[in-house]
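# Structural overview for review
Listed below are the residues making up each chain.
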Amino acid sequence: MRTPSLLLILCAILIAGPSAAEDAQDKGTDDVLIATVNGKPYSLDLFRLFYLERLQQSQGENSQELQETAFNDFMSLVVASQEATRRQLEQDKNVATAVELQRMKILSNAALASMSEELEVTEDELKQAYEELKENAGRTEYKARHILVKDEAEAKKLIAELDGGADFGDLAREHSLGPTGKNGGELDWFDAGQMVAPFSDAVAAMEVGSYTKQPVRTEFGWHVINLQDSRKAAPPSLAEAKPQLTAMLKRQKLSEKLIGMRDSAMVELNEDVVKLKSSEDQSTDEPSSK
């Protein structure tokens, strides 16, 4: 069932998107098929959706190898789903429930995307969000050096040498196992979120110009750290932050709209299944002060 030549032809179509199918429809084809399996037709759009999901999962680039693998997996999905139909598994209660849940998720995502497109964000809302961003953007960046060694004893020995006046850069060049060792252990400016927790926690607690008096252990080994400088990071400009702020505000508006829709929905609960607690019932659940 492997058809590399077909996949090479499909390469451009898969990435081009719906326009390729539209071109085919303009030429008199009602629906563009990728294959007919056991008499049942399957559309190119169906395979394209399958392939794009696979492309996102692989986090790689479109390639002939990925296309061939996805095409074969798609065909396996086709014949297995046909076998499920032959066995009448769609009538199985658990299968039907799972299918309905997936249908609801797909429709929900489509509705949310459509609703999001209709939402508008004003310039005043953007400016207010940007001012809040600037107030909360006071993250600290650090300039540091480090020496990475394989065990605690060696790290303590290096600290003793620093206490005796040894040059940090010279020790890093001679002993550090990290890629920065050849540069005296120099790291680029970083914020706490860019480093593993033990390393960033140690740096945040240090004074500029000091070095760690106890080795810092991470998954990479044992570190001796020298904090050279720190600074407050400048927030992005409004133009730079606008796409992210717009998306954030739309999410907030969409969440509020969903809450309103949920609160106004006509809901009749099956009280044999869903037991609602009154405020008096909830108070009885509180621990006694005795």
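Refer to the structure above for everything that follows.
This report concerns the structure included in the present document. (Residues numbered from 1 in each chain as written. Predicted model: local features only at pLDDT ≥ 70, side-chain atom pairs only at ≥ 80, totals over all residues. Heavy atoms only, no water.)

Turning to the overall build of the protein chain, a few remarks are in order. Across its full length, the protein chain carries eleven helices and six strands. For the protein chain, the residues scored as buried account for 28% of the 290 residues in total. Considering only contacts within the protein chain whose residues lie at least 6 apart along the sequence, 66% involve residues at least 24 apart. (Helix = DSSP H or I, 4+ residues; strand = E, 2+ residues; numbered from the N terminus. Buried < 20%, exposed > 50% of the residue type's maximum accessible area, 1.4 Å probe, protein only. Contact = heavy atoms within 4.5 Å.)

Now for the layout of surface pockets. In this structure, the largest pocket spans a volume of roughly 660 Å³. Residue lining of the largest pocket: 18 residues in total, with Leu46, Leu77, Ser81, Val99 and Ile106 positioned closest to the centre. Secondary structure elements with two or more residues in the lining of the largest pocket: α3 (44–58), α4 (64–86) and α5 (93–118). Counting residues per element, the lining of the largest pocket draws most heavily on α4, which supplies six residues. Tallied by class, residues from the lining of the largest pocket come to twelve nonpolar, three polar and three charged. (1 Å grid on protein atoms, 1.4 Å probe; cavity = no way out; pocket = protein on both sides within 12 Å on 5 of 7 lines; lining within 4 Å. Points joined across faces, edges and corners; volume = space filled by probe spheres on them. Nonpolar A, V, L, I, M, F, W, Y, C, P; charged D, E, K, R; others polar.)

Packing of helix α7 (residues 152–163) against helix α8 (residues 168–175) brings their axes to within 10 Å, and their N-to-C directions diverge by 150 degrees. Compared by their axis directions, α7 and α8 come out roughly antiparallel. Two packed elements cross with a definite hand, and for α7 against α8 that hand is right-handed. In this structure, α7 uses Glu154, Leu158, Glu161 and Leu162 to contact α8, whose residues at the interface are Phe168, Leu171 and His175. Of the residues in the contact of α7 with α8, the class split is four nonpolar, one polar and two charged. (Axes fitted to C-alpha atoms, helices over the stretch in contact; angles between N-to-C directions. Parallel < 35°, antiparallel > 145°, perpendicular 65-115°, else oblique. Left-handed = near helix turned anticlockwise from the far one by under 90°.)

The next subject is the pattern of salt bridges. One pass over the full model with this rule turns up 13 salt bridges. Put simply, lysine 242 and glutamate 123 hold a salt bridge, and the shortest N to O gap is 3.6 Å. Pair noted here: lysine 242 is in helix α10 (residues 238–264) and glutamate 123 is in helix α6 (residues 123–136), with a separation of 119 residues, a long-range link. For glutamate 123, a relative accessible area of 45% gives the class partly exposed. With a closest N to O distance of 3.1 Å, lysine 213 and aspartate 163 form a salt bridge. (Salt bridge = Lys/Arg side-chain N within 4 Å of Asp/Glu carboxyl O.)

Read from one edge to the other, the open sheet built from four strands follows the order β4-β3-β6-β5, with strand pairing classed as antiparallel. Where the open sheet ends on each side, the last strands, each with one partner, are β4 (190–191) and β5 (216–218). With respect to the sheet, α8 is in contact with β3 (140–149) and β6 (221–232), its orientation differing from that of β3 by roughly 50 degrees. In this fold helix α9 (residues 197–204) packs onto β3, β4, β5 and β6, with an angle of close to 155 degrees to the strand it touches most, β5. (Pairing = 2+ DSSP bridges.)

For the rest of this paragraph, the subject is α4. Under the 1.5 Å per step criterion, the end-to-end length of α4 is 33 Å for 23 residues, consistent within 8% with the ideal 33 Å. Every buried residue of α4 is accounted for by Leu66, Gln67, Glu68, Ala70, Phe71, Phe74, Met75, Val78 and Gln82. Downstream of α4 by a residue or two, glutamine 88 has a phi angle that is positive, lying close to 60 degrees. (Expected span 1.5 Å × (residues − 1).)

Here we take up the packing of aromatic side chains. Summed over all chains, the structure comprises eight aromatic pairs. Seen from their ring centres, phenylalanine 47 and tyrosine 51 are 6.2 Å apart, and the 35 degrees between their planes marks the pair as tilted. Of this pair, phenylalanine 47 and tyrosine 51 both sit in helix α3, four residues apart, roughly one helical turn. Note on phenylalanine 47: relative accessible area 0%, which makes it buried. The rings of Tyr42, Phe47, Phe50, Tyr51, Phe71 and Phe74 are connected pair by pair, giving a single aromatic cluster. The positively charged end of arginine 231 is found above the aromatic ring belonging to tryptophan 189, 3.9 Å away from the centroid. (Phe/Tyr/Trp six-rings, centres within 6.5 Å; stacked < 30°, edge-to-face > 60°. Lys NZ or Arg CZ within 6 Å of the ring centre and 35° of its normal.)

This part is about the nonpolar core. Ile34, Val37, Tyr42, Phe47, Tyr51 and Phe74 are the most contacted members of the largest nonpolar core, which has 16 residues in total. Secondary structure elements with two or more residues in this core: β1 (33–37), α3 and α4. Broken down by element, this core gets its largest block of residues, six residues, from α4. Judged by nonpolar contacts, the second largest core, of twelve residues, contains Ile147, Ile159, Leu171 and Ala172. (Core = buried A, V, L, I, M, F, W, Y, C linked by side-chain atoms within 4.5 Å.)

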